[in-house]
Amino acid sequence: MFKVVNVFLPLFSEGEDVTTEPLRDRSHIDETLRLATEEKSKDYAAALQTLRKIYHSSIKPMEQAYKYNELRQHEISDGEITSKPMVLFLGPWSVGKSSMINYLLGLHESQYQLYTGAEPTTSEFTVIMHGEKIRSVEGIVMAADSSRSFSPLEKFGQNFLEKLIGIEMPHKLLERVTFVDTPGIIENRKQQERGYPFNDVCQWFIDRADLIFVVFDPTKLDVGLELEMLFRQLKGRESQIRIILNKADHLATQDLMRVYGALFWSLAPLINVTEPPRVYVSSFWPYDYAPDTSRELFKREEISLLEDLNQVIENRLENKIAFIRQHAIRVRIHSLLVDRYVQTFKDKMSFFSDPELVFKEIVDDPDKFFIFKSILAKTNVSKFDLPNRDAYRDFFGINPIASFKPLSTQCSYIGGCLLDKIEKAITNELPALLSSINSGKQPGLSSCEATGCGEKPKNRYRKN
């Protein structure tokens with residue numbers, strides 16, 4: 001049964017007549033986001049199909065052979081490859097996250113708007129996506145649908161799926177992007193009280209978001225333990241973060257400047273990067289700005305944010321290709337490391353050796369056997385891209401070393417060598433696909449590029 005009542009509720013408060021407030025002109029939203037322009041859907045679909053083919057033929061076989069997903073716990077599904085860019089809204093409760101989504105989609109005073117209020121209102125993770133008709137989708141249905149990118153969320157349990165809801169609606173903006181509204185952070189609420197691993201769920205969405213809006217209310221800045229935990233989870237994703245100081249017209253200009261400084265003072269210890277995230281100061285809701293405020297500044301800030309969002313939308317295919325290539329590089333590094341562990345184990349074993357003791361010595365002190373240094377010497381991999389050494393102690397605790405074959409044996413006459421195929425994807429196929437998009441050519445793979453046309457397999461890492 002759908003939870004329509006919990007999501008699609010009017011914005012009215014009891015005894016309040018919101019229609020008396022003047023509404024703001026929002027024509028600049030469609031103009032800045034270029035919603036009137038037609039998508040080149042055919043070229044886009046062809047590029048995604050090529051990307052999917054490269055992943056399945058050249059990257060996924062290596063993933064499966066060396067069980068990469070058990071190290072990173074990030075399995076890439078077809079739904080994730082073909083999904084639209086995801087914009088994630090995070091922040092304390094009642095800072096205007098849902099109101100901002102209503103404003104961007106023009107849902108104000110419609111029966112389909114997200115419910116908002118002064119109290120904590122959003123208790124669910126709400127995914128707003130495109131659909132042919134307006135309907136609400138239960139989390140358990142979203143997770144069960146393999147064509148979507150949300151099936152991995154099943155691992156967080158049924159309690160979480162009851163707090164996950166999808167909203168489909170026909171909207172030009174949602175044809176290009178998906179919004180995710182999250183429950184507000186309440187500093188005095190422990191994670192256990194939610195009934196599901198809230199921080200782990202947030203991390204799942206953070207890892208897949210193309211743009212992350214962290215929203216604050218200038219009238220109630222409160223940086224506590226829950227928010228500190230959130231920013232620790234955002235480490236490494238600083239380029240995707242945008243900080244929004246919402247409801248800015250509620251303060252006088254002088255007070256707003258003080259709040260702006262206080263916000264940076266509070267967040268500085270949590271964001272250890274040379275270039276801080278971009279901060280947007282405005283009021284993202286449909287009503288006109290309060291009188292005697294910097295309305296021109298707020299309007300420019302709003303247009304700047306929309307241009308930022310549009311840039312992410314227009315670069316979505318390039319970002320997707322770059323993401324798959326980065327994933328392929330990590331899979332390749334992992335496979336080379338596992339291969340090195342396997343070869344070291346075989347070299348150290350003798351007729352009288354105890355296999356468990358021999359491998360325990362290797363996995364406890366890999367530097368003694370130059371496991372990681374050998375990868376740096378043989379490849380152009382940066383030391384900063386190498387995984388955590390301790391992670392392999394847990395990895396091999398679950399996956400015995402004897403269950404893995406050396407890379408030199410991972411070849412077939414028709415399919416070629418796994419290592420050669422993933423290296424070809426990294427160095428040739430994915431960059432070529434990216435170039436074809438930028439040059440406007442029709443992307444595609446010939447059958448020889450996909451299969452190698454039956455050439456004799458080569459492997460540069462075969463032991464002599």
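Every value quoted in this text rests on a predicted model; they were computed, and no experiment measured them.

Parameters at a glance
- Residues numbered from 1 in each chain as written.
- Predicted model: local features only at pLDDT ≥ 70, side-chain atom pairs only at ≥ 80, totals over all residues.
- Heavy atoms only, no water.
- Disulfide = S-S within 2.5 Å.
- Buried < 20%, exposed > 50% of the residue type's maximum accessible area, 1.4 Å probe, protein only.
- Helix = DSSP H or I, 4+ residues; strand = E, 2+ residues; numbered from the N terminus.
- Contact = heavy atoms within 4.5 Å.
- Axes fitted to C-alpha atoms, helices over the stretch in contact; angles between N-to-C directions.
- Parallel < 35°, antiparallel > 145°, perpendicular 65-115°, else oblique.
- Nonpolar A, V, L, I, M, F, W, Y, C, P; charged D, E, K, R; others polar.
- Pairing = 2+ DSSP bridges.
- pLDDT = per-residue confidence, 0-100.
- 1 Å grid on protein atoms, 1.4 Å probe; cavity = no way out; pocket = protein on both sides within 12 Å on 5 of 7 lines; lining within 4 Å.
- Points joined across faces, edges and corners; volume = space filled by probe spheres on them.
- Domains from an automatic or database assignment.
- Core = buried A, V, L, I, M, F, W, Y, C linked by side-chain atoms within 4.5 Å.

Enquirer: Would you explain the state of the cysteines in this entry?
Expert: Should the sulfur atoms of two cysteines be covalently bonded, the bond is a disulfide. Summed over all chains, the structure comprises 1 disulfide. Covalently, Cys-411 is tied to Cys-417 through a disulfide, its sulfur atoms 2.0 Å apart. Judged by the sign of its S-S torsion, about 110 degrees, the cystine formed by Cys-411 and Cys-417 is right-handed. Judged by its relative accessible area of 24%, Cys-411 falls in the partly exposed class.

Enquirer: Got a minute to help me understand the environment of Lys-133 in this structure?
Expert: For Lys-133, the position within the fold is in the loop between strand 2 (125-130) and strand 3 (135-138). Measuring from C-alpha to C-alpha, the distance between Lys-133 and Glu-168 comes to 6.8 Å, with 35 residues separating the pair along the chain. Not counting chain neighbours up to four residues away, the residues in contact with Lys-133 comprise Glu-168, Met-169 and Pro-170.

Enquirer: When you look at the packing of helix 13 (residues 316-348) against helix 17 (residues 418-439) in this model, what are you seeing that I'm missing?
Expert: Helix-helix packing is characterised by the crossing angle of the two axes and by the distance between the axes. Where helix 13 contacts helix 17, the axes come no closer than 10 Å and their chain directions differ by 170 degrees. Considering their axes alone, helix 13 and helix 17 lie roughly antiparallel with respect to each other. Residues Leu-317, Glu-318, Ile-321, Ile-324, Arg-325, Ala-328, Ile-329, Val-331, Arg-332 and Leu-336 of helix 13 pack against Leu-419, Ile-422, Glu-423, Ile-426, Leu-430, Pro-431, Leu-433, Leu-434, Ile-437 and Asn-438 of helix 17. Across the contact of helix 13 with helix 17, the residue classes tally to 15 nonpolar, 1 polar and 4 charged.

Enquirer: Can you help me understand the sheet that holds strand 4 (residues 164-169) in this one?
Expert: Note: strands within a sheet are paired through backbone hydrogen bonds, in either parallel or antiparallel orientation. Here we have 8 strands laid out as an open sheet, ordered 3-4-2-5-1-6-7-8, and mixed in their pairing. Sheet topology places strand 3 and strand 8 (278-281) at the edges, where each strand pairs with a single neighbour. Adjacent strand axes in the sheet meet at a mean angle of 20 degrees, parallel and antiparallel pairs treated alike. Here strand 2 runs beside strand 4; their pairing, made up of 6 bridges, is parallel. Across the sheet, residue Thr-126 finds its bridge partner in strand 4, namely Ile-165. Docked against the sheet, helix 9 (residues 198-208) engages strand 1 (86-90), strand 2, strand 4, strand 5 (178-181) and strand 6 (211-216), running at close to 145 degrees with respect to strand 1.

Enquirer: In this structure, what is going on with the confidence of the model for the chain? I would like to understand it.
Expert: Detailed reading of predicted coordinates is not advised where the pLDDT is low. A residue-level look at the chain finds 85% of positions with pLDDT of 70 or above and a mean pLDDT of 83. When the criterion is pLDDT under 50, residues 1-19 qualifies, and its contacts beyond four places in sequence or with other chains add up to 37 contacts. Taken as a whole, residues 445-464 scores under 50 in pLDDT and shows 42 contacts with residues more than four places along the chain or in a different chain.

Enquirer: I keep staring at the layout of surface pockets and nothing clicks. Help me out?
Expert: Rolled over the atoms, a probe sized like a water molecule indicates the empty space that remains. Considering only enclosed or pocket space, the largest pocket measures out at about 1200 Å³ in volume. Along its surface, the largest pocket is lined by 37 residues, and His-74, Asp-207, Arg-208, Arg-237 and Phe-323 are the ones closest to its centre. Contributing elements (two or more residues each) for the lining of the largest pocket: helix 4 (69-72), helix 9, helix 12 (295-314) and helix 13. Among the elements that make up the lining of the largest pocket, the one with the highest residue count is helix 13 (7 residues). Partitioned by chemical class, the residues of the lining of the largest pocket number 9 nonpolar, 13 polar and 15 charged. Counting residues domain by domain, the lining of the largest pocket receives three or more from each of domain 1 (41-58 + 316-435) and domain 2 (85-293).

Enquirer: Please clarify how the nonpolar core should be interpreted in this entry.
Expert: A general tendency of soluble globular proteins is for nonpolar side chains to be buried together. Membership of the largest hydrophobic core comes to 48 residues, with the highest contact counts inside it found for Tyr-341, Tyr-392 and Phe-396. If you tally residues by element for this core, the top one is helix 13, at 12 residues. Leave out the neighbours within four places in its chain, and Tyr-392 touches Leu-71, His-334, Leu-337, Val-338, Tyr-341, Val-363, Phe-372 and Pro-387. Of all hydrophobic cores here, the second largest spans 47 residues; its members include Phe-150, Leu-153, Val-214 and Leu-251.

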